[in-house]
Amino acid sequence: MSDAQPNATIHPRLEQALQMPRIAIESTLPVVDDGRFAAKAIIGQPVMVTSRIFADGHDQLAAAVCWREKGESNWRRARLKLLGNDNWQGQFTPTQVAEHEFVIEAWWDVFESYRYELSKKHTAGVPVQLELEEGRLLLEKAVARAQGENRAILDDLLHRLGSAHLEDERVSLLLAAETAAAMAAADPREHCSRSPVYPLDVERPLAQFASWYELFPRSETDDPNRHGTFRDVHKRLPAIRDMGFDVLYFPPIHPIGRQHRKGPNNSLQAGPNDPGSPYAIGSEEGGHDAIHPQLGTLDDFRELVAAAREHGLEIALDFAIQCSQDHPWLKEHPGWFSWRPDGTIKYAENPPKKYQDIVNVDFYAEDAMPDLWIALRDVVWHWVEQGVKIFRVDNPHTKPLPFWEWLIADIRERDRDVMFLSEAFTRPGMMARLGKVGFSQSYTYFTWRNTKAELSEYFSELNEPPLRDCYRPNFFVNTPDINPFFLQDSGRAGFLIRAALATMGSGLWGMYSGFELCESAAIPGKEEYLDSEKYQIRPRNYQAPGNIVAEIAQLNRIRRQNPALQTHLGFKPYLAWNDNILYFGKRSPDLSNFILVAISLDPHNAQEAHFELPLWELGLPDDAHTQGEDLMNGHRWTWYGKTQWMRIEPWHLPFGIWRLTAQRPDPDLK
């Protein structure tokens, strides 16, 4: 057999190998599913980028992160730093709420390799005459490449090198930081390799740091027989603002159907004056783009949005894709629904729960694509045009993922400030995927994490890839659907415990009205409220004895004053010798804001523990002096050493929040 046939198969492979990048760029973060989805970021906050970069041989490498807004032609660049073991790190700060993209570049750093060898040889006393000549030639080539001010700097360095008579002078000049900087600016970037381009979704700060308050506008009344209105909500705005909330969220505000309307406590028979569940959307008065007439008019709603804004509050609306059997779409677009052979329509179920008053649309029905999708998109855009920029989406995990990816992208192309909160309590993979396809925030398993081990594990998981980059947790302490077992028998202390866990654990948290009054009456054996507000009007006295309004206001005030608490990131559990006390730290990346939190998980008994101050993180010895400040009452003290002791009494306050700072030397002590 001749040699021609083997060579014909080898050459294409060889040609491909010759074109392959010589430098490996791996394990880049923040990257979600190899760049299939955008990682999340916040305007004005540094994006920390890490990558593993290496190549054959011992020559020095250089690397940079390049970033731009999507659609821009020019890249901005920032050099990466070698941390060791081929791990590189750098950062950049996006300055616009927009889609961004970034890429990692790495190349042979010829001059840095030269400097490294020159330094080693000169230090070892090896003759370096030839190396000095190599340095001169490298400078000459750089002068020819350089432009503007950098060319003048390099030209001056070359002149000074030629004027230097002593070998040590020439070595010092070639090893100087000034020379290294000028040569880096003129680097030809030999064997430059590029990673894939990775997407980054940059949102406004409220996507990461916000306090949500939920109320039913119809309950803003002093008479259970009088339906509250949007105008009634106005009087509540100052109190909600003063508690420190910045998002005011309403369940659906649309007309409520009559067919199969639910009565009190989810009963199947409603009286003539029972208001029904607001989630049974649609009646002869309209559907998802209409307002329940007893709440007011569209003008009334716009006035409320404007008034809330004056109090520093944004209105969030519920987007629930479900219909009562009176919804106009059933007559106008019957092909958007699934019908049984006998002409009836199946109501919604989530076994064992049944929702006889609502039916679901069929996203993939022949007549529904694309008209239903577009109609739902138009519903969202209608409310954006009324001034709403935040939507809490009901049960998004029961709707198609491609629908959400399209709808969210479409809306945010029109208005980048719009945000979506995913209300999904389901399998972990689905919850994460909803974050990936565009939801800014997500409900979480926090509600059902009660023990020290469960909470510590879950908070840590949220701080690690992949969730760290695609999932922003919103810790709701209760909802109209969820009256947690823990709160049903824990009293006032239990509500304070959950409030502290939520406000300190994440930059995003929420509560449903009544929580501040420690409401806990439940249907026996269920995590559901007795006399649920979903089915009846519930007037409240928000100043009732035993309320925790002041404590909630202080917790929100602490969050606003401490950047470390304005994100779920930065969490780290620390050692406290008591399984009933969760003790952890939240700290800013530069450690300038360092918060310690100790929460007793026992609402009934006092708990004590020795615990460790994380002096090692501040670079302090075990016997260092540090300062503590109780952020709930302003008390200050000095801690001596690493091991300390605490006692938490739930009848006073079941948690401690302390700001840790290093002890400053007294300037008067000599």
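Given the structure is predicted, the values throughout are model-derived calculations rather than measurements. (Residues numbered from 1 in each chain as written. Predicted model: local features only at pLDDT ≥ 70, side-chain atom pairs only at ≥ 80, totals over all residues. Heavy atoms only, no water.)

1. A few points about the pairing of strand β6 (residues 81-84)
Taken together, the 3 bridges between β6 and strand β7 (residues 87-92) define a ladder with antiparallel strand orientation. Within β7, the residue paired with Leu82 across the bridge is Trp88. Between the antiparallel neighbours β6 and β7 lie 2 residues, among them Asn85 with a positive phi of about 55°. (Pairing = 2+ DSSP bridges. Helix = DSSP H or I, 4+ residues; strand = E, 2+ residues; numbered from the N terminus.)

2. A short note on the domain arrangement of the protein chain
Looking at the assigned domains, one finds that the protein chain contains domain 1 (12-200), domain 2 (203-563) and domain 3 (570-659). Once you take the C-alpha centre of each, domain 1 and domain 2 turn out to be 49 Å apart. Listed by partner, the interface residues are 16 residues for domain 1 and 21 residues for domain 2. In total, domain 1 and domain 2 occlude about 1500 Å² of area from one another, counting both sides; carbon and sulfur atoms represent 52% of this. Contact with domain 2 buries area across many residues of domain 1, yet Lys40, Ile42 and Val97 alone supply 42% of it, more than any other trio. Seen at the junction of domain 1 and domain 2, the total is 2 salt bridges. (Domains from an automatic or database assignment. Contact = heavy atoms within 4.5 Å. Buried area = accessible area lost by both parts, 1.4 Å probe. Salt bridge = Lys/Arg side-chain N within 4 Å of Asp/Glu carboxyl O.)

3. Focus on the sheet that holds β7
Strand order in the open sheet formed by 4 strands is β1-β3-β7-β6, and the pairing between neighbours is antiparallel. Whereas interior strands pair on both sides, the edge strands pair on one side only; in this sheet they are β1 (24-29) and β6. Strand-to-strand twist across the sheet, computed as the mean angle between neighbouring axes with direction ignored, equals 30°. Bridge count for β1 against strand β3 (residues 47-54) is 4 bridges, and the pairing is antiparallel. For Glu26, the partnering residue across the bridge sits in β3 and is Arg52. (Axes fitted to C-alpha atoms, helices over the stretch in contact; angles between N-to-C directions.)

4. Regarding the sheet that holds strand β22 (residues 581-587)
Read from one edge to the other, the open sheet built from 6 strands follows the order β21-β22-β23-β28-β25-β26, with strand pairing classed as antiparallel. Taken across any chain shown, the strands that pair with only one partner, and hence form the sheet edges, are β21 (571-573) and β26 (636-640). Ignoring strand direction, the axes of neighbouring strands in this sheet form an average angle of 30°. Sheet analysis places strand β25 (residues 625-630) next to β26, joined by 5 bridges and oriented antiparallel. Paired with Thr626 across the two strands is Trp639, which belongs to β26.

5. A short note on the packing of aromatic side chains
The final tally for this structure, using the stated rule, is 41 aromatic pairs. Centre to centre, the rings of Phe425 and Tyr443 are 5.4 Å apart; their planes meet at 55°, and the pair counts as tilted. With a gap of 18 residues between them, Phe425 in the loop between β17 (419-423) and α13 (428-436) and Tyr443 in the loop between β18 (441-442) and α14 (452-462) connect regions that are remote in the sequence. For Phe425, a relative accessible area of 25% translates into the label partly exposed. Using a relative accessible area of 2% as the deciding quantity, one classes Tyr443 as buried. Between the aromatic rings of Phe425 and Trp448, the centroid separation amounts to 5.0 Å while the plane-to-plane angle is 85°, which identifies the pairing as edge-to-face. Placement of the pair is Phe425 in the loop between β17 and α13 and Trp448 in the loop between β18 and α14, with a sequence separation of 23 residues. Judged by relative accessible area, Trp448 falls into the partly exposed class, the value being 30%. Here the aromatic residues Phe319, Phe363, Tyr364, Trp373, Phe391, Phe403, Trp404, Trp406, Phe420 and Phe439 are joined through ring pairs into a cluster of three or more. (Phe/Tyr/Trp six-rings, centres within 6.5 Å; stacked < 30°, edge-to-face > 60°. Buried < 20%, exposed > 50% of the residue type's maximum accessible area, 1.4 Å probe, protein only.)

6. A word on the nonpolar core
The tendency in soluble globular proteins is for nonpolar side chains to be buried side by side. In terms of nonpolar packing, the biggest core is built from 130 residues, with Ile53, Phe301, Trp404, Phe420 and Ile657 touching the most fellow members. Examining the composition of this core, we find that 9 residues originate from one element, helix α11 (residues 371-385), more than from any other. The residues contacting Phe420, other than those within four sequence positions of it, are Val380, Phe391, Val393, Leu407, Ile408, Ile411, Arg412, Phe439, Ser440 and Gln441. Counting residues in each nonpolar core, the second largest holds 19 residues, with Leu118, Leu132, Leu154 and Ala182 among its members. (Core = buried A, V, L, I, M, F, W, Y, C linked by side-chain atoms within 4.5 Å.)

7. Points about the side chain of Glu516
Along the chain, Glu516 falls in the loop between β20 (508-512) and α18 (549-561). At 2.6 Å, the side chain of Glu516 and the side chain of Tyr213 are in polar contact. (Polar contact = N/O pair within 3.5 Å; in protein donor to acceptor, adjacent residues only side chain to side chain.)

8. A short note on helix α6 (residues 177-185)
Those residues of α6 that sit buried are Thr179, Ala180, Ala182 and Met183. Looking at the packing, one finds that the buried side of α6 touches α2 (110-123), α3 (129-145), α4 (148-163) and α5 (167-175).

9. Here we look at the confidence of the model for the protein chain
Here the protein chain averages 94 in pLDDT, while 97% of its residues score no lower than 70. pLDDT under 50 marks residues 665-670. Its contacts with residues more than four places away, or in other chains, come to 0 contacts. (pLDDT = per-residue confidence, 0-100.)

10. Notes on the environment of Arg659
Assignment of secondary structure puts Arg659 in strand β28 (residues 655-662). With 32 residues separating them in the primary sequence, Arg659 and Gln627 have C-alpha atoms 8.0 Å apart. When residues no more than four places from it in sequence are discounted, the contact partners of Arg659 are Gln561, Asn562, Asn593, Phe594, Ile595, Gln627, Gly628, Glu629 and Leu631.

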